[in-house]
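# What the coordinates show
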Amino acid sequence: MASPAESSELIFYINGKKVVEKNADPEEMLLGYLRRKVGLTGTKYGCGEGACGACTVMVSRYDPVQDSVQHCAVTACLLPVCSLYGAAVVTVEGVGSTKTKLHPVQERIARAHGSQCGFCTPGMVMSMYTLLRNKPQPTMEEIRETLGGNLCRCTGYRPIADGFKSFCDKQQCCQNKGGGKCCMENGYFQDQEEDASEELFGTEDFLPHDPTQDIIFPPELLLLGRKQDGSQLCFQGDRVKWISPALLKDLTQLKAQYPNAPLLVGNTTLGPKVNLGEAVYPVLLHAGRIPELRAISRSNNGLRVGAGCSLSALKDALQRGVEQLNPEKSRVYQALVQTLQCLAAKQIRNVATIGGNIMSADPKYDLSSVLAAAECTLHIVSTAGVREVCLNEEFFPGFSKTALRPDEILLAIDIPHSKPVSQPKTQTKPPGANANHAQGLHPPSAWEFVSAFRQAQRREFAFSILNAGMRVVFRDGVWDEKLLAEGTQLLREEISLSPTAPGGRVEYRRTLVLSFFFKFYMQVLLELKRKGIAISDPPPEYLSALKQYGTELPHGHHTFQMVSEVQPFTDPVGRPRMHQAAFQQATGEAQYYDDIPAVQGELFVSMVTSTRAHAKIM
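Residues numbered from 1 in each chain as written. Predicted model: local features only at pLDDT ≥ 70, side-chain atom pairs only at ≥ 80, totals over all residues. Heavy atoms only, no water.

### Side note on the overall build of the protein chain
Applicable threshold: Secondary structure elements are defined from DSSP: runs of H or I of at least 4 residues count as helices, runs of E of at least 2 residues count as strands, and each element is numbered from the N terminus. A 1.4 Å probe rolled over the protein chains alone gives each residue an accessible area, and that area as a share of the maximum for its type sets the label: buried under 20%, exposed over 50%, partly exposed in between. Between two residues, a contact is recorded if the distance between any of their heavy atoms is within 4.5 Å. Surface accessibility follows the Shrake-Rupley procedure with a 1.4 Å probe radius. Residue values consider only the protein chains on display as shielding.
When helices and strands are tallied, the protein chain shows 18 helices and 19 strands. In the protein chain, which comprises 618 residues, the proportion classed as buried is 47%. Long-range contacts, defined here as pairs at least 24 residues apart, represent 69% of the contacts in the protein chain between residues at least 6 apart. On the protein chain, roughly 31900 Å² of surface is accessible, and the fraction owed to carbon and sulfur atoms is 52%.

In structure tokens form, the structure reads like this:
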């Protein structure tokens, strides 16, 4: 078989300007490329692990599967330059500047007092800018989700949200959450002094949002994306070789040729290891250009998702399924959406894939437990053909290990519909029977209930301390406290963790498993009662276990004393004025120490711990 045509020329755009790299370095991340090679220092280096959002940029690509241009906010510290073939990158400098014209996002975060030190501000700007490119009039919930991956350590999120909510079609009052009166109408603040003001900034002079100011997707890249000539990209660095095929058959042949080479798409698993110097991979196989790996299709039985689909694309597809199906058929989808809402930040979900989440075989990743509980089917491909595997405990023989052969590739995942409720069977209640026998009604036959649980250091976090997917199929039997006790005892006996198990916290995690099972028992109990199956009422003291903890929008109320009318306008005391560097921080023009170009022969000074206390420095 003839080998595909190879190219070592990397073509992409940065802020509307074409970039052509001859034999790019596979170990170079976009963040370092922007800062060191291009000189765009507005994109900041924060953590190097995709966790802080300071390096957020917008990456646009033509998607042949959807025949449209997709705009995504991503963390540049985890994005290899070699993966940018055919992509258009926009940084904070490309959005607007004080020398040309500010973008409304930059102006509003500055005027709303949304920056102090300003280090995180460019990342905030880019996250919001990308949201506006996808949805010009977002909701407050969408703004909250968008900013969830951007950490701010000094300003606080309320002024940032206050500035950005001016883009909403309908601004939401801080206290009015869909019911009752607004706090400004119910008399709560009627007693405030006449010289007090509630506005820290005015919106009447804001720049209007003008989409024509945005950089268009380059027509050259549109033609390049539609061409799909099947050529293979190959870049050779000092230590690493990068191969990026465009066809699935070429990828399977490469995996047979390099069975130990890892596959990557979003680089959210391998990237942190490489950045921290923990691993070097001589050969990397990039699977981000394979259309079959990004395809999503629907059938009467469920959803087939390509292993290369991003978690954001997966979440959108599942959410559409929840809206289209009745609740009883979409229980698996609901459980997965619930998990995906908390799994990492938006920037990570935009590039991380469902296949990478499964193939990492790491218990701290959340999807495998839910997919296994739903009895999902995996489609595996190699040069020998395609085979199907059920996702269960046998698929994970050990930590970071799967049942796939080294030359095999995860192609797609089938996510089934849940079974709907059928009519319950009527049965005569025997004398002296327990009240939990449902007064002659058993739970409906051929009906299932699915739920997902996770516990992490914070609600929206990439890694969980413990995650679980639980599913029960009703065919016959009774859902009562006896079953709860038996299930709890079986879990105690079955779950055995070594004190040296990865992740530690053995006893805490064992306790969490029992807690999750109890919550699942209560959820099913309450659902049976809602469906009219007469069972004993759950004890009121247990109902708190079912409380859902959602992330609320930042809200509050503040007032400040207005200055006297006779005070000169030039006197800033008491006036809520924007600080002088705010615009420069919002445009990336503010220069920090690490932004200053290196000088040949420069010296560095660092603090060290003295080996002798109270010594005199001679």
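### Focus: the environment of Leu 343
Relative to the helices and strands, Leu 343 resides in the loop between α12 (331-340) and α13 (346-349). Sequence spacing of Leu 343 and Ala 462 is 119 residues, and the spatial spacing of their C-alpha atoms is 5.2 Å.

### Points about the sheet that holds strand β8 (residues 232-236)
Each strand in a sheet pairs with another by means of backbone hydrogen bonds, the pair being arranged parallel or else antiparallel. Test applied: When DSSP finds at least two bridges between two strands, those strands are taken to pair.
Taken in spatial order, the five strands line up as β1-β8-β9-β11-β10 in an open sheet, and their pairing is mixed. The open sheet is flanked by β1 (6-7) and β10 (263-264), the only strands paired with a single partner. The pairing of β10 with strand β11 (residues 283-286) spans two bridges and is classified as parallel. Bridge pairing links Leu 263 to Leu 285 in β11.

### Overview of the packing of helix α16 (residues 481-494) against helix α17 (residues 506-530)
As a reminder of what qualifies: To define axes, lines are fitted to C-alpha atoms, for helices over the stretch in contact only, and angles between the resulting N-to-C directions are given on a 0 to 180 degree scale. Angular relationships are summarised with four words: roughly parallel below 35 degrees, roughly antiparallel beyond 145, roughly perpendicular across 65 to 115, and oblique for the angles in between. Less than a right angle of anticlockwise turn of the near helix away from the far helix marks a crossing as left-handed, whereas a clockwise turn marks it as right-handed. Classes in brief: Ala, Val, Leu, Ile, Met, Phe, Trp, Tyr, Cys and Pro nonpolar; Asp, Glu, Lys and Arg charged; the others, Gly included, polar.
It is at 10 Å that the axes of α16 and α17 come closest, and there the two elements cross at 155 degrees. Looking at the two axes, α16 sits roughly antiparallel to α17. Helix-helix and strand crossings are classified by hand; for α16 and α17 the assignment is right-handed. Contacts between α16 and α17 involve Glu 481, Leu 484, Gly 487, Thr 488, Leu 491 and Arg 492 on the former and, on the latter, Arg 510, Val 513, Leu 514, Phe 517, Phe 518 and Tyr 521. Residues of the contact of α16 with α17, tallied by class, amount to seven nonpolar, two polar and three charged.

### Notes on the pattern of salt bridges
Our working definition: Salt bridges, as used here, are contacts in which a Lys or Arg side-chain nitrogen is within 4 Å of a carboxyl oxygen on Asp or Glu.
For the coordinates displayed, the defined rule picks out 28 salt bridges. Two residues, Lys 22 and Glu 9, come together in a salt bridge whose shortest N-O distance is 2.4 Å. A residue pair is termed long-range when its members are at least 10 positions apart, and Lys 22 in strand β3 (residues 17-22) and Glu 9 in strand β2 (residues 9-14) qualify at 13 residues. Classification of Glu 9 by relative accessible area gives partly exposed; the value is 26%. Taken together, the salt bridges that share partners define one network made up of Arg 35, Lys 44, Asp 594 and Asp 595.

### Some thoughts on helix α1 (residues 30-38)
Those residues of α1 that sit buried are Leu 30, Leu 31, Gly 32, Tyr 33, Leu 34 and Arg 35. Where α1 is buried, its residues contact β2, β3, β4 (56-63) and β6 (88-90). Positive backbone phi, at 80 degrees, marks Gly 39, one or two positions downstream of α1.

### Digging into helix α5 (residues 140-147)
The element α5 is extensively covered by neighbouring structure, given that six of its eight residues are classed as buried. Listing the buried residues of α5 in full gives Met 140, Ile 143, Arg 144, Glu 145, Thr 146 and Leu 147.

### Side note on the side chain of Arg 454
Inclusion rule: Under the rule applied, a polar contact is a pair of N or O atoms within 3.5 Å (in protein, one hydrogen donor and one hydrogen acceptor; residues adjacent in sequence only if both atoms are side-chain atoms).
Take Arg 454: it is sitting in strand β17 (residues 447-455). According to the relative accessible area criterion, Arg 454 is buried, its value standing at 17%. Of note is the side chain of Arg 454, whose polar atom sits 2.4 Å from the side chain of Asp 366.

### Remarks on the pairing of β8
Most of β8 is tucked away: four of the five residues are buried. In this sheet, β8 lies alongside β1 in parallel orientation, the contact comprising two bridges. Residue pairing for β8: Ser 7 is matched across the bridge by Leu 233. Note that β8 and strand β9 (residues 241-244) share four bridges and pair antiparallel. Its bridge partner lying in β9, Leu 233 is registered against Ser 244. Between the antiparallel neighbours β8 and β9 lie four residues.

### Remarks on the environment of Gly 42
Tracing the sequence through the fold places Gly 42 in the loop between α1 and β4. Of the residues examined, Gly 42 reaches a relative accessible area of 0% and is grouped as buried. Not counting the four nearest positions on each side in its chain, Gly 42 is found in contact with Val 92, Glu 93, Pro 122 and Gly 588.

### A look at the packing of aromatic side chains
Any two aromatic rings considered together are summarised by their centre-to-centre distance and by the angle between their planes. Put simply, the rule is: The aromatic pairing rule takes the rings of Phe, Tyr and Trp, using the six-membered ring of Trp, and pairs them if the centres are within 6.5 Å, calling planes under 30 degrees apart stacked, those over 60 edge-to-face and the rest tilted. We call a charge positioned over a ring when the NZ of a Lys or the CZ of an Arg lies within 6 Å of the ring centre and within 35 degrees of the ring normal.
By the definition in use, this model includes eleven aromatic pairs. Between Phe 201 and Phe 206, the ring centres sit 5.9 Å apart and the planes meet at 20 degrees, which makes this aromatic pair stacked. For the pair Phe 395 and Phe 396, a centre-to-centre distance of 5.1 Å together with 85 degrees between the ring planes defines the contact as edge-to-face. According to the relative accessible area criterion, Phe 396 is partly exposed, its value standing at 24%. Ring-pair connections join several aromatic residues into one group, and the members of that group are Phe 449, Phe 474, Trp 479, Phe 520 and Tyr 521. Against the face of Phe 569 rests Arg 577, its NZ or CZ located 4.9 Å from the ring centre.

### Some points on the sheet that holds β6
Spatially, the five strands line up as an open sheet ordered β3-β2-β6-β4-β5, and their pairing is mixed. What marks the edges here is a single partner per strand, and that holds for β3 and β5 (68-75). Going across the sheet, the axis of each strand differs from the next one's by a mean of 30 degrees, ignoring polarity. Strand direction decides the pairing type here: β4 and β5, joined by eight bridges, are antiparallel. Residue Thr 56 lies in a different strand from β5, and its bridge partner there is Thr 75. Packing of α1 onto the sheet brings it into contact with β2, β3, β4 and β6, and relative to β2 it is tilted by some 80 degrees.

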